[in-house]
Amino acid sequence: NYVMKKSRFPNRLDNADVLFYTDRGRYGTIDTPTGETGEAVAYLAVCAYPGDGGVYLFFCDERYAVITDSLYPSLEACLASRQGQEIVWHRKERRL
């Protein structure tokens, strides 16, 4: 599922271009290496770095800061990694 909408979601995260993003929600937590409950994930974003062949799923906090990411070989693989979850993806509108 994905739709177009105007948003204040950043165009770039960690120097990567945002392709898709979610509304603010509860997407779990990123636990610490010792197993303690870590930061809450408030947004998901699908991003790509210019010149890099992969696509990244960024897990972001409520201020759009990237907590961690996962690399996928394609946009389709990245979006498919979240199948089974009720996520609405918004395509990032590009301004010229």
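This structure is a prediction, so every number in the text was calculated from the model and none was measured. (Residues numbered from 1 in each chain as written. Predicted model: local features only at pLDDT ≥ 70, side-chain atom pairs only at ≥ 80, totals over all residues. Heavy atoms only, no water.)

What to know about the confidence of the model for the chain
As a reminder, the rule being used: Predictor confidence is given residue by residue as pLDDT, running from a minimum of 0 to a maximum of 100. A helix here means a DSSP run of H or I that spans at least four residues, while a strand means a run of E at least two residues long, and both kinds are numbered starting from the N terminus.
The share of residues in the chain with pLDDT of 70 or more is 90%, and the mean pLDDT across the chain is 88. Averaged over each element, pLDDT in the chain is lowest for strand S1 (residues 2-4) (52) and highest for strand S7 (residues 55-60) (97).

Re unusual backbone geometry
Despite not being glycine, Asn-15 has its phi angle at roughly 70°, a positive value. Within the secondary structure, Asn-15 is located in the loop between strand S2 (12-13) and strand S3 (16-21). In this model, Tyr-64 sits at a positive phi of 70°, which is unusual for a non-glycine residue. Counting through the fold element by element, Tyr-64 comes out in the loop between S7 and strand S8 (66-72).

Observations regarding the pairing of S7
Which entries qualify depends on this criterion: Burial here depends on accessible area, computed with a 1.4 Å probe over protein chains only, as a share of the maximum for the residue type. Under 20% is buried, over 50% is exposed, and the range in between is partly exposed. One bridge is not enough; two strands pair if DSSP finds at least two bridges between them.
Within S7, six of the six residues are buried, which leaves the element mostly enclosed by the surrounding structure. Of the two faces of S7, the one carrying Val-55, Leu-57 and Phe-59 and the one carrying Tyr-56, Phe-58 and Cys-60 are both buried. Between strand S6 (residues 43-48) and S7, which follow one another and run antiparallel, lie six residues, and Gly-51 among them has a positive phi close to 85°. The sheet contact formed by S7 and S8 spans six bridges and is antiparallel. From the neighbouring strand, Phe-59 faces S8, where its bridge partner is Thr-68.

Points about the packing of aromatic side chains
Geometrically, a pair of aromatic rings is defined through the distance of the ring centres and the angle of the planes. The test is simple: Note on aromatic pairs: the rings of Phe, Tyr and Trp (six-membered ring only in Trp) are paired at centre separations within 6.5 Å, and the planes decide the class, stacked below 30 degrees, edge-to-face beyond 60, tilted for the rest.
A full pass over the atoms with the stated rule returns seven aromatic pairs. Between the aromatic rings of Phe-9 and Tyr-43, the centroid separation amounts to 5.6 Å while the plane-to-plane angle is 70°, which identifies the pairing as edge-to-face. You can see Phe-9 sitting in the loop between S1 and S2 and its partner Tyr-43 sitting in strand S6, a full 34 residues away along the chain. Using a relative accessible area of 9% as the deciding quantity, one classes Tyr-43 as buried. A network of ring pairs unites the aromatic residues Phe-9, Tyr-21, Tyr-43 and Tyr-64 as a single cluster.

Notes on the environment of Tyr-27
The cut-off we apply is this: When checking whether two residues touch, look at their non-hydrogen atoms; a contact exists if any pair is within 4.5 Å.
Position of Tyr-27 among the secondary structure elements: in the loop between S3 and strand S4 (29-30). On the basis of relative accessible area, Tyr-27 is assigned to the partly exposed category, the value being 25%. In the structure, Tyr-27 is positioned 14 residues away from Val-41 in sequence and 5.2 Å away in space, judged by C-alpha atoms. If we ignore the near neighbours within four places in the chain, the residues touching Tyr-27 are Thr-22, Val-41, Ala-42, Tyr-43, Leu-44 and Ile-87.

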